[in-house]
Amino acid sequence: MKREIAGAVLGAGLFLGLAQAAGAAVPASGQLHFTVMREGDEIGTHEIEFEQKSGALEVEIETDVAVKVLGIALYRFEHEGHEVWRDGQLVQLNSKTNDDGKAHHLAVRLEDGKLVVDGDGRQGPEEPGVIPASLWNEELVKQSALLNTLDGSHMPVTVTRVGAEIVEAGGRNVSATHYSVTGQLNRELWYDANGVLVQVQFAGSDGSQISYILQ
């Protein structure tokens with residue numbers, strides 16, 4: 001039993017060390033599970049999983065949202081993303097999205113020290129230091145532009161630090177720093193003291209309030 005506990009602690013330590021090397025904070029559990037809420041009603045899930053593979057940090061992202069009335073889906077959003085990070089730099093990103101019937105596909109790869117974007121919103125080079133708008137990486141708050149993870153477009157943004165707040169996360173109150181992202185992406189983001197994403201809020205296309213609540 002002691003050996004199993006020691007192994008688990010060592011594994012967590014290696015995982016956190018990898019996360020720090022990648023320049024971003026990830027949860028010790030390797031998972032973030034959010035319930036997506038719309039005006040107080042549950043409409044879906046947003047899940048992020050982190051894994052160490054061959055010295056790289058791999059991130060799997062899945063969003064499944066459906067707004068229903070009388071059991072009929074009026075709006076559907078499905079997204080699957082895969083990111084690979086090495087030495088604090090994005091080296092690969094692939095995603096596919098169904099935005100209420102509109103399909104998006106994106107492939108990003110590192111080639112000769114540059115990122116090459118192949119998406120339905122843009123094709124061409126991208127600076128290697130770019131941060132995708134997948135929100136989990138707190139380095140996002142230092143950026144003036146983000147990579148759209150649906151279609152690869154370049155999104156100029158302004159990030160403002162609102163300040164320390166208490167939010168509900170994991171069934172308890174957590175102290176977090178609130179940042180407001182405006183521009184071609186508009187999001188309210190909260191990161192805890194370790195830099196882990198704990199809550200997201202934004203306005204839907206119909207003006208409704210959408211929240212990601214960490215479970």
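Reading guide: rules and limits
- Residue indices follow the written sequence of each chain, beginning from 1 at its first position.
- Only residues with pLDDT of at least 70 get local features here, since the model is predicted, and only at 80 or more are side-chain atom pairs given and counted; chain-wide, interface and lining totals rely on the full set of residues.
- Only hydrogens and water are set aside when side-chain values are computed; all heavy atoms of the structure are taken into account.
- Strand pairing is defined by DSSP finding a minimum of two bridges between the two strands.
- The helix and strand labels rest on DSSP assignments: H or I over at least four residues marks a helix, E over at least two residues marks a strand, and numbering proceeds from the N terminus.
- Only buried residues count toward a nonpolar core, which is a set of Ala, Val, Leu, Ile, Met, Phe, Trp, Tyr and Cys residues joined through side-chain atoms within 4.5 Å.
- Type-normalised accessible area, obtained with a 1.4 Å probe on protein chains alone, sets the label of each residue: buried when under 20%, exposed when over 50%, and partly exposed for intermediate values.
- The contact definition used throughout considers only heavy atoms, calling two residues in contact when any of these lie within 4.5 Å.
- One speaks of a salt bridge when a side-chain nitrogen belonging to Lys or Arg is within 4 Å of a carboxyl oxygen belonging to Asp or Glu.
- Patches were defined on residues exceeding 30% relative accessible area and lacking a salt bridge, with like-charge contacts within 9 Å and nonpolar side-chain contacts (Val, Leu, Ile, Met, Phe, Trp, Tyr) within 5 Å.
- For accessible areas, the Shrake-Rupley method is used with a probe of radius 1.4 Å. Any residue's cover is judged against the shown protein chains and nothing else.
- Counted as positive: Lys and Arg. Counted as negative: Asp and Glu, with His and the chain ends omitted from the count.
- Each charge is placed at NZ for Lys, CZ for Arg, CG for Asp and CD for Glu.
- The term polar contact refers here to a pair of N or O atoms within 3.5 Å; inside protein, the definition further demands a hydrogen-donor-capable atom paired with an acceptor-capable atom, and it admits residues adjacent in sequence only when both atoms are side-chain atoms.
- Centres within 6.5 Å make a pair out of two Phe, Tyr or Trp rings, where for Trp the six-membered ring is used; the pair is then stacked when the planes are under 30 degrees apart, edge-to-face when over 60, and tilted otherwise.

A. Here's a closer look at the pairing of strand 4 (residues 72-86). Bridge analysis of strand 3 (residues 56-69) against strand 4 gives 13 bridges, and the strand direction is antiparallel. Along strand 4, the bridge assignment pairs aspartate 64 with glutamate 78. Hairpin remark: strand 3 followed by strand 4, antiparallel, with two residues in the connecting loop; positive phi at leucine 70, about 55°. Looking at chain direction, strand 4 and strand 5 (residues 89-99) are connected through 10 bridges and run antiparallel. If you follow glycine 81 over to strand 5, its bridge partner there is serine 95.

B. Expanded view of the nonpolar core. Of all hydrophobic cores here, the largest spans 51 residues; its most connected members are Ile48, Phe50, Val59, Trp136, Leu140, Leu146 and Leu189. For this core, the element with the highest residue contribution is strand 3, accounting for five residues. Leave out the neighbours within four places in its chain, and valine 59 touches Ile48, Glu49, Phe50, Gly81, His82, Glu83, Trp85 and Trp136.

C. Structural context of the pattern of salt bridges. Across all of its chains, the model carries eight salt bridges by this definition. Here aspartate 64 makes a salt bridge to arginine 76, at a shortest N to O gap of 2.9 Å. Separated by 12 residues along the polypeptide, aspartate 64 in strand 3 and arginine 76 in strand 4 bring together distant segments of the chain. Two residues, glutamate 126 and arginine 122, come together in a salt bridge whose shortest N-O distance is 2.6 Å. Through salt bridges with shared partners, a single ionic network connects Asp64, Arg76 and Glu78.

D. Local environment of the environment of leucine 135. By the secondary structure assignment, leucine 135 is in the loop between strand 8 (123-126) and strand 9 (145-147). We classify leucine 135 as buried; its relative accessible area is 8%. Measuring from C-alpha to C-alpha, the distance between leucine 135 and valine 200 comes to 8.6 Å, with 65 residues separating the pair along the chain.

E. Structural detail: a negative patch on the surface. A surface patch of negative charge is lined by Glu47, Glu49, Glu51, Glu60 and Glu62. Secondary structure elements with two or more residues in the negative patch: strand 2 (41-53) and strand 3. Top contributing element to the negative patch by residue count: strand 2, with three residues. Relative to the helices and strands, glutamate 51 resides in strand 2. What makes glutamate 51 partly exposed here is its relative accessible area of 43%.

F. Spatial organisation of the side chain of histidine 79. Looking at where histidine 79 falls in the secondary structure, it is placed in strand 4. At 2.7 Å, the side chain of histidine 79 forms a polar contact with the side chain of threonine 97. In contact with histidine 79, other than residues within four places in its own chain, are Ile61, Glu62, Thr63, Ser95, Lys96, Thr97, Thr149 and Leu150.

G. Region of the structure containing unusual backbone geometry. Residue serine 54 is not a glycine yet carries a positive backbone phi of 55°. Mapped onto the fold, serine 54 is located in the loop between strand 2 and strand 3. Look at serine 54 and you get exposed, because its relative accessible area is 71%. Look at aspartate 112: it is not a glycine, yet its phi comes out positive at around 55°. Position of aspartate 112 among the secondary structure elements: in the loop between strand 6 (102-111) and strand 7 (114-119).

H. Looking closely at the packing of aromatic side chains. Taken as a whole and judged by the stated rule, the model has five aromatic pairs. Taking 5.2 Å as the distance between ring centres and 75° as the angle between the ring planes, the aromatic pair formed by phenylalanine 50 and tryptophan 136 counts as edge-to-face. In this pair, phenylalanine 50 sits in strand 2 while tryptophan 136 sits in the loop between strand 8 and strand 9, placing the two residues 86 residues apart along the sequence. Per residue, the accessibility class of phenylalanine 50 equals that of tryptophan 136, and both read buried. For the pair tryptophan 85 and tryptophan 136, a centre-to-centre distance of 5.8 Å together with 85° between the ring planes defines the contact as edge-to-face. Of this pair, tryptophan 85 sits in strand 4 while tryptophan 136 sits in the loop between strand 8 and strand 9, and the two are 51 residues apart along the sequence. The residues tryptophan 85 and tryptophan 136 share a single accessibility class, namely buried.

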